[in-house]
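Chains, contacts and geometry: an overview
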Amino acid sequence: MSGTIREDELLAELERLTRKGDPGRTSIEIGRALGKTAARVRVLLQRVREMGRLSRGERVIERIDGRPSRIPVYTILRAATVKSKGRKR
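The following refers to the structure shown. Note that this is a predicted model, so its numbers are computed, not measured. (Residues numbered from 1 in each chain as written. Predicted model: local features only at pLDDT ≥ 70, side-chain atom pairs only at ≥ 80, totals over all residues. Heavy atoms only, no water.)

**So, the nonpolar core**
Ranked by size, the top nonpolar core spans twelve residues in total: Leu10, Leu11, Leu14, Leu17, Ile30, Leu34, Val41, Leu44, Leu45, Val48, Tyr74 and Ile76. Taken together, the elements giving at least two residues each to this core come down to helix H1 (7–17), helix H2 (27–34), helix H3 (38–50) and strand S2 (68–76). (Core = buried A, V, L, I, M, F, W, Y, C linked by side-chain atoms within 4.5 Å. Buried < 20%, exposed > 50% of the residue type's maximum accessible area, 1.4 Å probe, protein only. Helix = DSSP H or I, 4+ residues; strand = E, 2+ residues; numbered from the N terminus.)

This is the structure:
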């Protein structure tokens, strides 16, 4: 076995990392926790967004020059909390 992690396993780990009440994590923070690059995490986040399970927020940090800067943070919604967009029958 090559030791690769399946995408569904990564999704479960992303969901675990961003539990309810968590203010969210940046793509770099998620990447560090998963052992993946920020670029790979952004690809995963795009897929999660397409599934309707991505919530995006912002965090204000202080830049090196002392100015505030807004950065995106993400949380993954549990499958049970996502409302279906299908038509009623």
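Having seen the model, we can carry on.
**Topic: the environment of Arg56**
Relative to the helices and strands, Arg56 is located in strand S1 (residues 54–62). For Arg56, a relative accessible area of 51% gives the class exposed. With residues near it in sequence (within four places) discarded, Arg56 still touches Pro72, Val73 and Tyr74. (Contact = heavy atoms within 4.5 Å.)

**Brief notes about H2**
All of the buried residues in H2 are Ser27, Ile30, Gly31 and Leu34. Take H2 and look down its axis: the buried residues cluster within an arc of 100°, on one side only. Packed against the buried residues of H2 are H1, H3 and S2. Where H2 ends, the next residue or the one after it, Gly35, has phi of about 75°, a positive value. (Arc of directions from axis to C-beta.)

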